[in-house]
Structures are given as C-alpha cells and as structure tokens.
Amino acid sequence: MSDYDDMDETPQPTGELALQTIAMPIATNADGDVFAGWLMSQMDLGGSVVAQDIAHGRVTTVATGSMVFLRPVPKGCQVRCYVDILEVGRSSIKTLVEVWLKSSFSDELMKVTEGEFVYVAIDENGRTRPIEV
C-alpha cells in the first residue's frame, strides 16, 4: 500500500463552518462573478467570528496572507467560509480561512481560495489586551 492510497480523492473543507452566504448580484462584476474584495471581506468576517469566540470579546484584523483564487464565484452560489485556528498567542489569533462554494444546481463543494488572517484582541479603547483562557 502506497502513501497515496490514504489520500482523500475528494477534498473536503477543514475547520469550523463560520459563515455561509449567497453571492448576490450587487457584489459581482459585469460578467456575474463576485469581486475578490467582497470575497476577502466574507473571509475576514468568518475568521473574526471564530477569533471573537476565542478572545471572549472584541478583535481587530492586523494581517492577512496572500491568496490565490482557483475559480470564479458566480452570482447565486452559496459561499462558505471554514476557519481553522493555527495559533493562539498572548493577544493574537492566527487563522486559516478556506472558501468553498456550492452551486444551486449541485451538492458538490468546490474550493475557491484560502488565506491566513491574524486578529488581535482589543479592549473598549481599541488597545491590545491579553486573551483570557
């Protein structure tokens, strides 16, 4: 048996489903595909939901990693953001956010992109605070 026999032939999302929405026409270009900026904002929202739960309060985005978009996202698709926690520091939370889409015509999930998002816990004055465990 080779190492490849254990590989998943149908990739699946990793992490927690943190956000699910529908790509609406207002977020699309003239060809009906969503703008990358809209998709990144959905990723940031999904990542922040999980980061807020870990930080038990307010967080702010301090960094994002590079992304490669594997396919266009047409209007009407379900856009799903899955979040995996990579690291929790004294005041920061590093996440990996994957975006998968599902068309209304199929049950198949297709990966669109992934990216690292880093959040910092902040207090009511916007200052960095430690994460209480």
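For clarity, every value in this text was computed on a predicted model and none was experimentally measured.

Draft legend 1. Quick look at the pattern of salt bridges. Enumeration over the complete set of coordinates arrives at 4 salt bridges. K94 serves as the salt-bridge partner of E116, at 3.6 Å between the closest nitrogen and oxygen. You can see E116 sitting in strand 5 (residues 109-121) and its partner K94 sitting in strand 4 (residues 92-102), a full 22 residues away along the chain. Looking at E116, the relative accessible area reads 33%, which means it is partly exposed. Assessed through its relative accessible area of 27%, K94 is described here as partly exposed. Notably, a salt bridge pairs K111 with E114, separated by 2.5 Å at the nearest N-O pair. We classify K111 as partly exposed; its relative accessible area is 22%. One salt-bridge network, in which partners are shared between bridges, spans E98, K111 and E114.

Draft legend 2. Region of interest: the sheet that holds strand 1 (residues 16-22). Taken together, 5 strands build an open sheet; the order of strands is 1-3-4-5-2 and the sheet is antiparallel. What marks the edges here is a single partner per strand, and that holds for strand 1 and strand 2 (59-64). Strand after strand, the sheet turns through a mean of 35 degrees between neighbouring axes, direction not considered. As paired elements, strand 4 and strand 5 share 11 bridges and run antiparallel to each other. Among the inter-strand pairings, T95 is bridged to a residue of strand 5, identified as F117.

Draft legend 3. Region of interest: the UniProt feature "domain: HotDog ACOT-type" (unreviewed entry) in the chain. As recorded in UniProt, the sites labelled "domain: HotDog ACOT-type" (unreviewed entry) are residues 13-125. Secondary structure within residues 13-125 divides into 18% helix and 42% strand; the distance between the first and last C-alpha atoms comes to 36 Å.

Draft legend 4. Looking closely at unusual backbone geometry. A positive phi angle, close to 55 degrees, is found at H56, a residue other than glycine. Tracing the backbone shows H56 in the loop between helix 1 (36-55) and strand 2. The exposed category is assigned to H56, whose relative accessible area is 59%.

Draft legend 5. Inspection of the pairing of strand 5 at higher detail. For strand 2 and strand 5, the ladder comprises 5 bridges, and the chain directions are antiparallel. Residue A63 lies in a different strand from strand 5, and its bridge partner there is V118. The loop that links strand 4 with its antiparallel partner strand 5 comprises 6 residues.

Calculation rules
Residues numbered from 1 in each chain as written. Predicted model: local features only at pLDDT ≥ 70, side-chain atom pairs only at ≥ 80, totals over all residues. Heavy atoms only, no water. Salt bridge = Lys/Arg side-chain N within 4 Å of Asp/Glu carboxyl O. Helix = DSSP H or I, 4+ residues; strand = E, 2+ residues; numbered from the N terminus. Buried < 20%, exposed > 50% of the residue type's maximum accessible area, 1.4 Å probe, protein only. Pairing = 2+ DSSP bridges. Axes fitted to C-alpha atoms, helices over the stretch in contact; angles between N-to-C directions. UniProt positions renumbered as here; feature names shortened; annotations may be inferred.

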